[in-house]
Amino acid sequence: MDKRHFLKASGVFVASTILSGRASSEQQASTRTNWAGNYTYSTDRLDLPKTVGEVQQLVKSRRPLKALGASHSFNGIADSTGDQISLQYLDHMLVDPTSRTVTVGAGVTYGQLAPYLHGQGYALHNLASLPHISVAGACATGTHGSGNKNGNLSTAVSATEIVAADGEAVVLSRERDGDRFQGAVVALGGLGVVTSITLDVQPTFEMRQVVYENLSMDQLERHLDNIFASGYSVSLFTDWQNHRITQVWIKSRIEPRTSSELPAEFFGATLAHQKLHPLAGHAAENCTEQMGISGPWYERLPHFRMNFTPSSGAELQSEYMVPRDRGYEAILAVEQLRDHVTPHLFISELRTVDADNLWMSPCYQRPSMAIHFTWKPEWPAVRKVLPMIEEKLARFNARPHWAKLFTMSPTRLKPVYGRLPDFQALLAHYDPHGKFRNDFLNANIYGG
Ligand SMILES: Cc1cc2nc3c(=O)[nH]c(=O)nc-3n(C[C@H](O)[C@H](O)[C@H](O)COP(=O)(O)OP(=O)(O)OC[C@H]3O[C@@H](n4cnc5c(N)ncnc54)[C@H](O)[C@@H]3O)c2cc1C
């Protein structure tokens, strides 16, 4: 991996050269865009507190203010016209074996947390396609992996400490705070600055990953449930051409009776005998181990390896969640747009996510099929295709991924995110004067 890619993958910047309290202008210059480089932040000011006390002081004295995670979102969700605040120095991690939880500082990434947990004998229930993102940033947006029985990553949150607009630190927990807690987890950075998060853990486990090539859509139509139930986490990749899935990635937990044999065929698809990248022409070296080689959960659940560039780098992403039981219908609806989509697409990915009760989660009370698009960095063209996709998916009440690119109007978001009025009330409670509001929240949460 070259240095440019490492700096990019590391998300923010090199810690040893940080000036106390605020990033130097040179460092700020390197952080003024998001990871993909498609979004330029509106502010030069990035604060770097080292303690919760410093976070509280900053929250009291700054306005407007927005927490920034690892900058991997594709839109302005983490942007601010005032200050951004990075929690990267709050990087503690502590397992509590009694409650089977781990509490992490809000600066911790999954790439830091997962090996620590494994070393302690524990695992998370799931991971996204990449480990480079922060736990706080991922949970704030309902980030997910795949698996019929796996809720998104935010469903592991059992408690969260938030510095609210008045500078007070508030702890909300699943056990004590009921419905209010369900509203506070996928909070889009709107409730305040999360300083630590407690997550459920389970005993560590081993996994293996196998890839099959060329699954016909006709097989998918007949066997969709079996295909997505064939592993702990299953991802299908397609370019929407030729009525086929180009690659099927099956991630399975190794159980005592798991056979080491890998079937040569999977619903007519063929076992891959070499490691593959989901994007044609990209180095498979960046991907986690395949071909049935066993390894720890955190080196199989993501598609991409820590310290390597995930996905393409120069890209855009969009994703829509539809009800899983109408998944194939929704896939066919998007396929009709293939000649508009494919020219601007690196690849699409289809995953399943279990339902949850988190108000602003795209999977709220709905077992979901996630239809994802990794686009070439061609925003003028992509911007024209997104409304077509959204129109096709409207009859499925598709919910967009908050951290990716969408063009759905706020009036359309309101009916699909049914708890939006409750979320507005929660925001008003913790942030009555709109300190944590930004253009993204103004447009999408308050704009309807
Ligand atoms: C290559 C790539 C692959 C991806 N793969 C997946 C995938 O597999 N599944 C998926 O669902 N998504 C995926 N994403 C999207 C990604 O998971 C989300 O964008 C995620 O929110 C990024 O986390 P982050 O740490 O970069 O947060 P940022 O993008 O920095 O921030 C996201 C939100 O979190 C808030 N936030 C961050 N830290 C705090 C805090 N301490 N307190 C309060 N709010 C906070 C911000 O204000 C903002 O609203 C991918 C993105 C990329 C670039």
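Residues numbered from 1 in each chain as written. Predicted model: local features only at pLDDT ≥ 70, side-chain atom pairs only at ≥ 80, totals over all residues. Heavy atoms only, no water.

## Observations regarding the site of the ligand
Inference 1: Lining the immediate surroundings of the ligand are 38 residues, of which Ala67, His72, Ser73, Ser134 and His401 lie closest.
Inference 2: The separation between an oxygen atom of the ligand and a polar main-chain atom of Gly137 is 3.0 Å.
Inference 3: Between Thr141 and the ligand, the recorded distance is 2.9 Å, taken from a side-chain N or O atom to an oxygen atom.
Inference 4: Those elements that provide at least two residues to the shell around the ligand are β3 (65-68), α5 (135-141) and β10 (193-200).
Inference 5: Ranked by the residues each element gives to the shell around the ligand, the list is headed by α5, at five residues.
Inference 6: Of the residues that constitute the shell around the ligand, the class distribution is 19 nonpolar, 15 polar and four charged. (Near = heavy atom within 4 Å. Polar contact = N/O pair within 3.5 Å; in protein donor to acceptor, adjacent residues only side chain to side chain. Helix = DSSP H or I, 4+ residues; strand = E, 2+ residues; numbered from the N terminus. Nonpolar A, V, L, I, M, F, W, Y, C, P; charged D, E, K, R; others polar.)

## Describing the packing of helix α7 (residues 217-228) against helix α8 (residues 327-335)
Inference 1: α8 packs onto α7 with a crossing angle of 160° between their chain directions and a minimal axis gap of 10 Å. The angle between the axes of α7 and α8 places the two elements in the roughly antiparallel class. Counting all contacts with α7, which are made through Met217, Asp218, Leu220, Glu221 and Leu224, the residues of α8 involved are Tyr328, Ile331 and Glu335.
Inference 2: Taken together, the residues that form the contact of α7 with α8 break down as five nonpolar, no polar and three charged. (Axes fitted to C-alpha atoms, helices over the stretch in contact; angles between N-to-C directions. Parallel < 35°, antiparallel > 145°, perpendicular 65-115°, else oblique. Contact = heavy atoms within 4.5 Å.)

## Describing the nonpolar core
Inference 1: Ranked by internal contacts, the top residues of the largest apolar core, which has 116 residues, are Trp297, Ile371 and Trp402.
Inference 2: Excluding anything up to four places from it in sequence, Trp297 contacts Ala114, Leu117, His118, Tyr122, Ala123, Leu124, Leu127, Thr204, Phe205, Met207 and Pro302.
Inference 3: Val211, Leu276, Leu279 and Phe304 belong to the second-largest nonpolar core, a separate cluster that totals nine residues. (Core = buried A, V, L, I, M, F, W, Y, C linked by side-chain atoms within 4.5 Å. Buried < 20%, exposed > 50% of the residue type's maximum accessible area, 1.4 Å probe, protein only.)

## Let's talk about the pairing of strand β6 (residues 101-105)
Inference 1: Burial analysis of β6 places four of its five residues in the buried class, the great majority of the element.
Inference 2: Relative to β6, strand β5 (residues 93-96) runs antiparallel, the two sharing four bridges. Paired with Leu94 across the two strands is Thr103, which belongs to β6.
Inference 3: The loop that links β5 with its antiparallel partner β6 comprises four residues; one of these, Arg100, has a positive phi angle of about 50°. (Pairing = 2+ DSSP bridges.)

## Thoughts on the packing of aromatic side chains
Inference 1: Counted under the stated rule, the structure contains 14 aromatic pairs.
Inference 2: Between Phe266 and Phe267 the ring centres are 4.9 Å apart and the planes differ by 85°, which places this aromatic pair in the edge-to-face class.
Inference 3: Feature note: the residues Phe205, Tyr232, Trp297 and Tyr298 constitute an aromatic cluster, connected by ring pairs.
Inference 4: For Lys50, the ring lying beneath its charged end belongs to Tyr89, and the centroid distance is 4.8 Å.
Inference 5: The ring of Tyr232 carries Arg253 above its face, with NZ or CZ at 5.2 Å from the centroid. (Phe/Tyr/Trp six-rings, centres within 6.5 Å; stacked < 30°, edge-to-face > 60°. Lys NZ or Arg CZ within 6 Å of the ring centre and 35° of its normal.)

## Examining the pattern of salt bridges
Inference 1: Under the criterion given, the structure shown has 12 salt bridges.
Inference 2: Between Arg419 and Asp179 there is a salt bridge; the shortest N-O distance is 2.7 Å. Pair noted here: Arg419 is in the loop between α11 (410-416) and α12 (420-430) and Asp179 is in helix α6 (residues 174-184), with a separation of 240 residues, a long-range link.
Inference 3: The exposure class of Arg419 is buried, given its relative accessible area of 16%.
Inference 4: Taking relative accessible area as the criterion, Asp179 reaches 42% and is therefore assigned partly exposed.
Inference 5: One salt bridge connects Arg351 with Glu349, and the closest N-O pair in it is separated by 3.5 Å. (Salt bridge = Lys/Arg side-chain N within 4 Å of Asp/Glu carboxyl O.)

## Some remarks on the packing of α6 against α12
Inference 1: Contact geometry for α6 and α12: axes closest at 10 Å, N-to-C directions at 95°. In terms of orientation, α6 and α12 fall into the roughly perpendicular class. Facing Arg180, Gly183 and Ala184 of α6, the residues of α12 in contact are Phe423, Leu426, His429 and Tyr430.
Inference 2: Tallied by class, the residues present in the contact of α6 with α12 amount to four nonpolar, two polar and one charged.

## Quick look at the environment of Gln120
Inference 1: In this fold, Gln120 is placed in the loop between α4 (110-119) and β7 (122-123).
Inference 2: Along the primary structure Gln120 and Pro256 are separated by 136 residues, whereas in three dimensions their C-alpha atoms are 22 Å apart.

## With respect to the sheet that holds β6
Inference 1: Here we have five strands laid out as an open sheet, ordered β5-β6-β10-β8-β9, and antiparallel in their pairing. Each edge of the open sheet is held by one strand with a lone partner, namely β5 and β9 (169-173). Within this sheet the neighbouring strands show an average axis-to-axis angle of 15°, counted without direction.
Inference 2: Bridge count between strand β8 (residues 157-163) and β10: six bridges; the pairing is antiparallel. Looking at the pairing, Glu161 lines up with Ser196 of β10.
Inference 3: Relative to the sheet, α6 contacts β8, β9 and β10, its axis offset from that of β9 by approximately 100°.

## Quick word on the confidence of the model for the protein chain
Inference 1: Chain-level pLDDT for the protein chain is 93 on average; 93% of the residues reach the 70-or-more range.
Inference 2: The low-confidence segment residues 1-20, where pLDDT is below 50, has 38 contacts with residues more than four positions distant or belonging to other chains.
Inference 3: Below pLDDT 50 for its whole length, residues 25-29 participates in nine contacts with residues either more than four positions away or in separate chains. (pLDDT = per-residue confidence, 0-100.)

## Quick look at unusual backbone geometry
Inference 1: Pro64 follows Arg63 through a cis peptide bond whose omega is -10°.
Inference 2: Mapped onto the fold, Pro64 is located in the loop between α3 (52-61) and β3.
Inference 3: Non-glycine residue Trp240 carries a positive phi angle of around 75°.
Inference 4: With respect to the element layout, Trp240 can be found in the loop between β13 (233-238) and β14 (244-253).
Inference 5: Positive phi outside glycine occurs at Phe267, with the angle close to 45°.
Inference 6: Within the secondary structure, Phe267 is located in the loop between β15 (265-266) and β16 (269-271).
Inference 7: The partly exposed category is assigned to Phe267, whose relative accessible area is 26%.

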